[in-house]
Amino acid sequence: METFTQLFGDLLAFVYHCFDRIVIYGYLSGLSRPEQVVHFFRNVVGVAVVDKEVFSRRTADYQAWVEAFARNHRLPIEWAEKGVRKEDHVLPWQRRMARDDAYGVYFIFKSMEQGPSFRVSVPKYATKDPNYRILARQRSRFTHYYFYLRDETLGPMMMRVASFFPFQTTYYLNGHSFIEQELKRAQIGFRKTDNAFLAVDDVAALQAAADRLSPAIIRGRLDYWTLILGPKFSTKERKQLNLSRFYAIAQIEYCRNFIFKRNFPIHKLFERSCELGLWRLTADKITEIFGTRLNRRMRGKLATVIDRIEHGHHVFRAYFKNAFLKQYEKFATFLRNELVSNNLADFRLKKGLDHLDAVRQRFQTITDRFAGFQAQWLNVHVDFPLLQRLALPITIGAVRYPGIKIHDPRVIRLLEVLLHGGSHVGGWTAKHIHHAVLTTFHLSDSAYRPNQLRYDLRKLKGHGLLQRDGSRYAYRLTPKGVQVALLFLFFHKRLCGPLANSRFHHRPDPRHQPASKLEAAYHRADKAIQQIVDLLAA
């Protein structure tokens, strides 16, 4: 299978792949279940009745410690305002830390948010133990603290701590920040903007730094900052419970970046990739890219869309269950394919931090397969011998199938509809295809009858462009059929469209003597197009 590197090798400066955004949950082991919490307060802390006051005191103690920490270190601590993006608000403080080459906490946000907590209730009927209380897990609204900090190893990161028991923590990391710190320590020159490297002195060192991000490195830094900024437990409590944090991946993004030498091909390349993706990425192809089998019991999304954000910045997305592949251009310099997962179970992967290497290998395979398919689609050119072979009738056994003409409007309409088969997981039935053709092109039943459709389907199937879905009377394009459909449609769009426009709107007069080189070139181009049309008509 072709790759972007093979197809655009002369235009690419370098290619690298790495983790981008990683969101990790931190759970207190030994204090996650209600019975463990009761045991902790009764047998370790020495509290007779585990009631709301016990939890409130723990919350008040931690909130007082955070306020004192901010006051002692002269850190700004503010309530997050609605509609204000936190990362943009703290950016001046982050730049100041980078300018001074300092590390540590530089800003604290307070926010009222939903989080896991415990509900305490008195039993409805009396028990032998008068101090017995019922604890149940719930989600409630309480204060969360956002610590914005700069780490020596992971770079800028953010840690969110819930102020209510069991004090769940959330960590937001960026793989590009880790790579930046690694390159600085190795004294390798680079140019980085936002979360992308646009130039680097040693590409191999860049990729090696990206591959060094390991669970051990992440866990060491998270343990350190949790000890410094997390809720406080006494030495006795830590010793008796052997408190530790279990880290689980909540969201992860893995990207493959194509850095181009010049910016002029980026937009056209991305535009055509989006156009091809909407046509080509059917349900079966999406599942093939993600490495799973398509069946009717599959839950979640199987779709392709184009989103427009940030004043016309477009993002192409291919959804698969709770994950999606997205492609976008940025800074007119690089093209990024990025795989985002909100539930690693979709890929049959475990969410524990120790399984990060398995996630890397699986996501590398998926993004590489996506890039390979895109390179294959982009490398579609007009093949006139193929057009000639398709135009000839063929005989299979005792059945003779007529040829397929590129100027047949019925074939063009049918191929365009079949290319948009992503919404039909089990293939298209003849009834669905007929309805789609009529509604898409605003035709009446008499203009395109079901018998005509069946004739066209048999013709496509005979030439190997169409296949049935198992034993069902449902159809989908074969790989060869997709290539031919793309060729036909691009030929009509790129050639017949401009030709029709020039013939009916602005066809140059051959008797006119051109007064400039531009007009002379226009006449020559029009004459060449007319020769192609004459050849096709013949």
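Please read all numbers here as calculations on a predicted model, not as lab measurements.

Thresholds, definitions, all that
- Residues numbered from 1 in each chain as written.
- Predicted model: local features only at pLDDT ≥ 70, side-chain atom pairs only at ≥ 80, totals over all residues.
- Heavy atoms only, no water.
- 1 Å grid on protein atoms, 1.4 Å probe; cavity = no way out; pocket = protein on both sides within 12 Å on 5 of 7 lines; lining within 4 Å.
- Points joined across faces, edges and corners; volume = space filled by probe spheres on them.
- Helix = DSSP H or I, 4+ residues; strand = E, 2+ residues; numbered from the N terminus.
- Nonpolar A, V, L, I, M, F, W, Y, C, P; charged D, E, K, R; others polar.
- Buried < 20%, exposed > 50% of the residue type's maximum accessible area, 1.4 Å probe, protein only.
- Pairing = 2+ DSSP bridges.
- Core = buried A, V, L, I, M, F, W, Y, C linked by side-chain atoms within 4.5 Å.
- Contact = heavy atoms within 4.5 Å.
- Axes fitted to C-alpha atoms, helices over the stretch in contact; angles between N-to-C directions.
- Parallel < 35°, antiparallel > 145°, perpendicular 65-115°, else oblique.
- Patch = residues over 30% accessible without salt bridge, like charges linked within 9 Å, V, L, I, M, F, W, Y side chains within 5 Å.
- Areas by Shrake-Rupley, 256 points an atom, 1.4 Å probe, with all protein chains shown as cover.
- Salt bridge = Lys/Arg side-chain N within 4 Å of Asp/Glu carboxyl O.
- Phe/Tyr/Trp six-rings, centres within 6.5 Å; stacked < 30°, edge-to-face > 60°.
- Lys NZ or Arg CZ within 6 Å of the ring centre and 35° of its normal.
- Expected span 1.5 Å × (residues − 1).
- Arc of directions from axis to C-beta.
- Lys, Arg positive; Asp, Glu negative; His and termini not counted.
- Polar contact = N/O pair within 3.5 Å; in protein donor to acceptor, adjacent residues only side chain to side chain.

A.B. asks: Just to check I follow, could you spell out the layout of surface pockets for this structure?
C.D. replies: Rolled over the atoms, a probe as big as a water molecule pinpoints where empty space is left. Roughly 1500 Å³ of volume is contained in the largest pocket. Along the wall of the largest pocket there are 39 residues; nearest its centre are Arg-85, Glu-87, Asn-174, Asp-194 and Asn-195. Per-element tally for the lining of the largest pocket: the top contributor is helix H6 (residues 175–185), with 5 residues. Its residues assigned to classes, the lining of the largest pocket shows 13 nonpolar, 9 polar and 17 charged.

A.B. asks: How should I be thinking about the pairing of strand S18 (residues 474–477) in this particular structure?
C.D. replies: Consecutive residues of a regular strand have side chains that alternate between opposite faces of the sheet. Alternating residues of S18 divide into Ala-474 and Arg-476 and Tyr-475 and Leu-477, and every residue in both groups is buried. Bridge analysis of strand S17 (residues 466–468) against S18 gives 3 bridges, and the strand direction is antiparallel. Considered in S18, the bridge of Gln-467 is made with Arg-476.

A.B. asks: What's the story with the nonpolar core in this structure? I'm lost.
C.D. replies: One finds Phe-55, Phe-147 and Phe-165 to be the most contacted residues of the largest nonpolar core, which totals 100 residues. Within the second largest apolar cluster, 31 residues are counted, among which are Leu-418, Leu-443, Leu-460 and Val-484.

A.B. asks: I would appreciate a short explanation of the environment of Val-437 in the present structure.
C.D. replies: Considering the arrangement of structural elements, one finds Val-437 in helix H15 (residues 430–441). Given a relative accessible area of 1%, Val-437 falls into the buried group. Spatially, the C-alpha atoms of Val-437 and Leu-453 are 9.5 Å apart, while their sequence positions differ by 16 residues. Setting aside anything within four residues of it in sequence, one finds Val-437 in contact with Leu-414, Val-417, His-442, Leu-443 and Tyr-448.

A.B. asks: Explain the packing of helix H14 (residues 409–419) against helix H16 (residues 450–462) to me, please; I cannot follow it from the model alone.
C.D. replies: Angle between the axes and distance between the axes are the two parameters that describe a pair of packed helices. The N-to-C vectors of H14 and H16 enclose an angle of 75 degrees; their axes lie 11 Å apart at closest approach. Classified by the angle between their axes, H14 and H16 sit roughly perpendicular to one another. Of the residues in H16, those touching H14 at Arg-410, Val-411, Leu-414, Leu-415 and Leu-418 are Gln-452, Leu-453, Tyr-455, Asp-456, Leu-457, Lys-459 and Leu-460. The residue inventory of the contact of H14 with H16, partitioned by class, reads 8 nonpolar, 1 polar and 3 charged.

A.B. asks: Looking at this structure, how should I read the side chain of Arg-360?
C.D. replies: Relative to the assigned elements, Arg-360 resides in helix H12 (residues 356–378). Note on Arg-360: relative accessible area 8%, which makes it buried. Sequence-distant contacts of Arg-360, defined by excluding residues within four places in its chain, comprise Phe-19, Ala-210, Asp-211, Leu-213 and Tyr-254.

A.B. asks: Please explain the sheet that holds S17 as it appears in this structure.
C.D. replies: Remark on secondary structure: sheet strands pair via backbone hydrogen bonds, oriented parallel or antiparallel. Taken together, 3 strands build an open sheet; the order of strands is S16-S18-S17 and the sheet is antiparallel. In this open sheet, the two edge strands, each paired with only one partner strand, are strand S16 (428–429) and S17.

A.B. asks: Just checking my understanding: could you explain a nonpolar patch on the surface for this structure?
C.D. replies: Residues Tyr-224, Leu-227 and Ile-228 make up a contiguous nonpolar surface patch of roughly 270 Å² in combined accessible area. Checked against the element boundaries, Leu-227 lands in helix H8 (residues 215–229). What makes Leu-227 exposed here is its relative accessible area of 52%.

A.B. asks: Help me understand the packing of aromatic side chains in this model?
C.D. replies: Aromatic rings considered in pairs are described by the distance between their centres and by the relative angle of their planes. Tallying each qualifying case throughout the model produces 30 aromatic pairs. In this structure, Lys-232 packs its charged tip against the face of Trp-65, placed 4.1 Å from the ring centre. The ring of Phe-441 is capped by Arg-413, whose NZ or CZ atom sits 6.0 Å from the centre of that ring.

A.B. asks: Is there a simple way to think about the pairing of strand S7 (residues 190–193) in this case?
C.D. replies: Here S7 runs beside strand S8 (residues 196–200); their pairing, made up of 4 bridges, is antiparallel. Directly across from Phe-190, in S8, lies its bridge partner Val-200. Between the antiparallel neighbours S7 and S8 lie 2 residues, among them Asp-194 with a positive phi of about 55 degrees.

A.B. asks: Just checking my understanding: could you explain empty space enclosed by the protein for this structure?
C.D. replies: Under the definition given, this model contains 1 cavity of 30 Å³ or more. Estimated volume of the largest cavity: approximately 40 Å³. Ile-22, Leu-154, Leu-173, Asn-174, Gly-175, Phe-178 and Leu-213 are the residues that line the largest cavity. Every element with two or more residues in the lining of the largest cavity is listed here: strand S6 (169–174) and H6. Each residue belonging to the lining of the largest cavity can be placed in one class, and the counts come to 5 nonpolar, 2 polar and no charged.

A.B. asks: Could you clarify how one ought to interpret the pattern of salt bridges in this entry?
C.D. replies: Close approach of charged atoms lets side chains of opposite charge pair. Tallied over the entire structure, the rule returns 16 salt bridges. Between Arg-150 and Asp-101 there is a salt bridge; the shortest N-O distance is 3.8 Å. A residue pair is termed long-range when its members are at least 10 positions apart, and Arg-150 in strand S4 (residues 134–151) and Asp-101 in the loop between helix H5 (91–100) and strand S3 (104–121) qualify at 49 residues. For Lys-184, the salt bridge goes to Glu-180, with nearest N and O atoms at 3.4 Å. Note that Lys-184 and Glu-180 are positioned in helix H6 at a spacing of 4 residues, about one turn of the helix. Taking relative accessible area as the criterion, Lys-184 reaches 42% and is therefore assigned partly exposed. Residue Glu-180 is classed as buried on the basis of its relative accessible area of 16%. Linked by salt bridges that have partners in common, Glu-180, Lys-184 and Lys-192 make up one network.

A.B. asks: What is the right way to read unusual backbone geometry from this model?
C.D. replies: Trans is the prevailing form of peptide bonds, just as negative phi is the prevailing case for residues other than glycine. Look at the link from Phe-165 to Pro-166: it is a cis peptide, with omega at 15 degrees. In this structure, Pro-166 sits in the loop between strand S5 (155–162) and S6. Here the phi dihedral of Asp-101 falls at roughly 55 degrees; this positive angle occurs in a residue that is not glycine. With a phi angle near 55 degrees, Phe-167 is a residue other than glycine that sits in the positive phi range. Along the chain, the position of Phe-167 falls in the loop between S5 and S6. Exposure remark for Phe-167: the relative accessible area of 2% places this residue in the buried category.

A.B. asks: I keep staring at H8 and nothing clicks. Help me out?
C.D. replies: The α-helix winds at 3.6 residues per turn, so residues separated by three or four positions along the chain end up facing the same way. Across its 15 residues, H8 extends 21 Å between first and last C-alpha, which sits within 8% of the 21 Å expected from 1.5 Å per residue. Those residues of H8 that fall on the buried side of the exposure criterion are Pro-215, Ile-218, Leu-222, Trp-225, Thr-226 and Leu-229. Down the axis, H8 shows its buried residues gathered within 110 degrees of arc, on one side only. Away from the buried face of H8 by more than 90 degrees, exposed residues Ala-216 and Leu-227 are located.

A.B. asks: For this particular structure, what's the right way to read the side chain of Arg-245?
C.D. replies: Tracing the sequence through the fold places Arg-245 in strand S9 (residues 244–260). Notably, Arg-245 is buried but unbridged: the nearest opposite-charge side chain belongs to Asp-223, and the N-O separation is 7.1 Å. Reaching out from Arg-245, the side chain makes a polar contact with the backbone oxygen of Gly-26 at a distance of 3.2 Å. Polar contacts involving the side chain of Arg-245 include one to the main-chain carbonyl oxygen of Phe-167, which spans 3.0 Å.

By themselves, these observations are geometric and do not establish any function.
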